[in-house]
Structures are given as C-alpha cells and as structure tokens.
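Structure assessment
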Amino acid sequence: MSIQPPSGDMPSAVANAPGVPTIRNVNWGGLRTLYIKEVRRFFKVQLQTVWAPAITTLLFLVIFTVATGGKRPVSVAGVDVPFADFLAPGLIAMAMLQNSFANSSFSLLVGKIQGTIVDYLMPPLSTGELLAAMVGGAVTRAWCVGGAVFLAMQFWPGVHLVPQHPMAIIWFGLLGSVFLAFVGLLTSMWAEKFDHAAAVQNFLIAPLTLLSGTFYSVDKLAPAFQAFSHINPFFYIISGFRYGFLLNADSNVMVGGLVVLGIDIVLGIVCYRLLRSGWKLKN
C-alpha cells in the first residue's frame, strides 16, 4: 500500500505549488544575464561601436584646434580658458550621449524586425529588470566610448584634460547617458524600421547635441539663441560635465543637475509604463 502525503502537503519532488513564484524579489541572475548580453552585443563589434565613434570625436578636436588655434581663449563664466581645454570635455560628453542613444535604440528594434522580440518578453524578468538591463548596457557603452576618447585626447598636444570635480563628471555623465538611453528605448519601441530610428538620431539627437554649447560658449550668442540653449537639456549635461574639468560652467550646475535628474525620472516612468503595457511590442 502506498503512503499518501498528508492533506495540503506537496510531494517532495515538487519544489513549489502551482502558481507560486520561485523568484520572489529581484531576479539577479536574469538581470545580470541580460545586461551581459547587451554588453557583449556591442562589444563583439567594438571597432564599430566603441573605437570608430572615439576616432570620429577625436577628429573634431583635431580639426577645430588646428583650424582655430587651440590656445585661443574662450570665456566661461568670465574666466578665459584655452579653446582646446574648453572643447575637449564637451566632445567627450557629446560622444557619450550619442552612443548611449545608439545602443538602446537598437535593442528592441532589431528584435521587432527579426522576429526575436520574444527573447526579451518571455524570460522571467520583471519590467523593471528588463528596463534596468537595457539601460545599463547603453550606459556601459557610453562610458566605454567616453573613456576611449578621454585616453586618446591625452596624447593630443595642447589639451590639458584633468578631472577637477569627479562628482560632477560622474553625475552628469551618468544621468546624461541614462537620459539618452531612455530616449533610445522609446525610439526602439515606437520605430518600425531602422529608418525611423535613424531619423530620430539625425534630426533630433545630433542637432540638439551640436547646438548645446559643445563648440562655443552660449554667453556669446544672441538672446534668442541663448534662450533656446537654456531649454535644451543637452546644454545642461554638457555644461555640467565640462564643469567637472574646468570648475567653470555656462549654467548653474546645481540647477542643471536637478533638471537632468527630473527629466530622467519622468522618462523612466514613461518607459516603464509603455514597456509594461507592451506598446508596439506585442502586436
């Protein structure tokens, strides 16, 4: 005669009752796996995703310093600094922002086009874990590119790029990268083909980064253009990032830091809700 388990007890071979989740808190294993996948995806083609943007950014520095003279002073908050020292931090921040967007705008879009979006939606990952892994991958690429540009600039004569305020560099570099990662995720959810993502990159991201004080001090602009700069969030990111090297900025660094943090929070909530609803992903 077989012995039946007591009423209400499950057989020893069954770990959990049906419907009872095994992962009760954060799925750290799944989060780490997806993050590593996102990093390996761009790192396998690092010549295209890391070194090519770094070289392109370095060429901006070479061309502008040779054409204008790297020692020509630029007034930043009433303090004259060499043009090369003014330009270098802005170029690093610009490269980080553009590559953070490029990475996250590719993540879901390629899955939608190739029909492999189920690889993101089926694993036992919560919406927050999925969002964190993809944003983390984009931020990692941004910092890899920024680090490569920083190292390359150390060998260019006339550039004195020494971190003076590391907290400002980390704050604006991190929040700026997260900002563009969220924008990239929204783009990848909305876009239906690569042309759509390229249009956002070419007609929105690139102009806003180039017109954010990367190559000039906004104090020298006409009042109308100054007003435009001060409603451009990229301006606060680049100005705050530059402050970390020069200890001078075209904007109020504290206000800029809070503005970027607020934008990140709003975009994070929007991305979370759209991702959770499966907007344009489960159709």
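What you see is a predicted model, and the numbers here were worked out from it, not measured in a lab.

Contact geometry of helix H5 (residues 127-153) with helix H10 (residues 253-277) gives a least axis separation of 10 Å together with a crossing angle of 120 degrees. Looking at the two axes, H5 sits oblique to H10. H5 and H10 meet at a crossing whose hand is right-handed. Facing H5, whose interface residues are Thr127, Gly128, Leu130, Leu131 and Met134, H10 presents Gly268, Cys271, Tyr272, Leu275 and Arg276. Classifying every residue of the contact of H5 with H10 by side-chain character gives 6 nonpolar, 3 polar and 1 charged.

Another aspect to go through is the nonpolar core. As a rule of thumb, nonpolar side chains are buried together in soluble globular proteins. In this structure, Leu108, Val135, Met153, Phe241 and Leu275 are the most contacted members of the largest nonpolar core, which totals 71 residues. Counting residues per element, this core draws most heavily on helix H3 (residues 83-114), at 14 residues. Setting aside residues up to four positions removed in sequence, Leu275 forms contacts with Leu108, Thr127, Leu130, Leu131, Met134, Met189 and Leu281.

Pairs may arise between side chains of opposite charge once their charged atoms sit close together. Tallied over the entire structure, the rule returns 3 salt bridges. Across the pair Lys37 and Glu38 runs a salt bridge, and its minimum N-O distance is 3.7 Å. Here Arg41 and Glu38 are joined by a salt bridge, their closest N and O atoms 3.0 Å apart. Taken together, the residues span about one helical turn, with Arg41 and Glu38 both in helix H1 (residues 28-43) at a distance of 3 residues. Through salt bridges with shared partners, a single ionic network connects Lys37, Glu38 and Arg41.

With that settled, consider helix H9 (residues 233-246). Given a rise of 1.5 Å per residue, 14 residues ought to cover 20 Å, and the 20 Å separating the end C-alpha atoms of H9 matches this to within 8%. Counting buried positions over the 14 residues of H9 gives 13, a clear majority of the element. Its side-chain oxygen 3.0 Å from the backbone nitrogen of Phe234, Asn232 forms the N-cap of H9. Remark: Leu247 follows H9 within two positions and exhibits a positive phi of approximately 65 degrees.

The residue Thr214 is located in the loop between helix H7 (194-210) and helix H8 (223-230) in this model. Owing to a relative accessible area of 0%, Thr214 belongs among the buried residues under this scheme. A polar contact of 2.9 Å, which involves the side chain of Thr214, links it to the backbone oxygen of Thr209. Polar contacts involving the side chain of Thr214 include one to the side chain of Ser212, which spans 3.4 Å. Once residues lying within four places of it in the same chain are set aside, the contact partners of Thr214 are Phe86, Leu87, Gly90, Leu91, Met94, Thr209, Ile238 and Arg242.

This next bit is on the pairing of strand S2 (residues 79-82). By the bridge criterion, 4 bridges tie strand S1 (residues 73-76) to S2 in an arrangement that is antiparallel. Within S2, the residue paired with Val74 across the bridge is Val81. What sits between the antiparallel neighbours S1 and S2 is a turn of 2 residues, in which Ala77 has the positive phi angle 55 degrees.

Phi at Leu247 takes a positive value of approximately 65 degrees, unusual for a residue other than glycine. Relative accessible area serves as the criterion here: at 41%, Leu247 is assigned to the partly exposed category. Of note, Lys280 is a non-glycine position whose phi angle comes to about 60 degrees, a positive value. As for its position among the elements, Lys280 is in the segment after H10.

With that settled, consider the packing of aromatic side chains. One pass over the full model with this rule turns up 8 aromatic pairs. Taken together, a centroid distance of 5.8 Å and an interplanar angle of 50 degrees make the contact between Phe60 and Phe215 tilted. A residue pair is termed long-range when its members are at least 10 positions apart, and Phe60 in helix H2 (residues 46-68) and Phe215 in the loop between H7 and H8 qualify at 155 residues. A relative accessible area of 29% places Phe60 in the partly exposed class. Centre to centre, the rings of Phe241 and Phe245 are 5.6 Å apart; their planes meet at 55 degrees, and the pair counts as tilted.

Packing of H3 against helix H6 (residues 166-190) brings their axes to within 7 Å, and their N-to-C directions diverge by 30 degrees. Put simply, H3 runs roughly parallel to H6. With respect to the hand of their crossing, H3 and H6 are arranged in right-handed fashion. On H6, the residues that touch Met96, Leu97, Ser100, Phe101, Ser104, Ser105, Leu108, Leu109 and Lys112 of H3 are Gly173, Gly176, Ser177, Leu180, Ala181, Val183, Gly184, Leu185, Thr187, Ser188, Met189 and Trp190. Taken together, the residues of the contact of H3 with H6 sort by class into 11 nonpolar, 9 polar and 1 charged.

Next up on the list: the environment of Ser100. Examined against the element boundaries, Ser100 turns out to sit in helix H3. When the C-alpha atoms of Ser100 and Ala142 are compared, they prove to be 5.0 Å apart, with 42 residues separating the residues in sequence. Other than its neighbours up to four places away in sequence, Ser100 contacts Ala138, Val139, Ala142, Ser177, Leu180 and Ala181.

Rules behind the numbers
- Residues numbered from 1 in each chain as written.
- Predicted model: local features only at pLDDT ≥ 70, side-chain atom pairs only at ≥ 80, totals over all residues.
- Heavy atoms only, no water.
- Axes fitted to C-alpha atoms, helices over the stretch in contact; angles between N-to-C directions.
- Helix = DSSP H or I, 4+ residues; strand = E, 2+ residues; numbered from the N terminus.
- Parallel < 35°, antiparallel > 145°, perpendicular 65-115°, else oblique.
- Left-handed = near helix turned anticlockwise from the far one by under 90°.
- Contact = heavy atoms within 4.5 Å.
- Nonpolar A, V, L, I, M, F, W, Y, C, P; charged D, E, K, R; others polar.
- Core = buried A, V, L, I, M, F, W, Y, C linked by side-chain atoms within 4.5 Å.
- Buried < 20%, exposed > 50% of the residue type's maximum accessible area, 1.4 Å probe, protein only.
- Salt bridge = Lys/Arg side-chain N within 4 Å of Asp/Glu carboxyl O.
- Expected span 1.5 Å × (residues − 1).
- Polar contact = N/O pair within 3.5 Å; in protein donor to acceptor, adjacent residues only side chain to side chain.
- Pairing = 2+ DSSP bridges.
- Phe/Tyr/Trp six-rings, centres within 6.5 Å; stacked < 30°, edge-to-face > 60°.

By themselves these figures say nothing about function.
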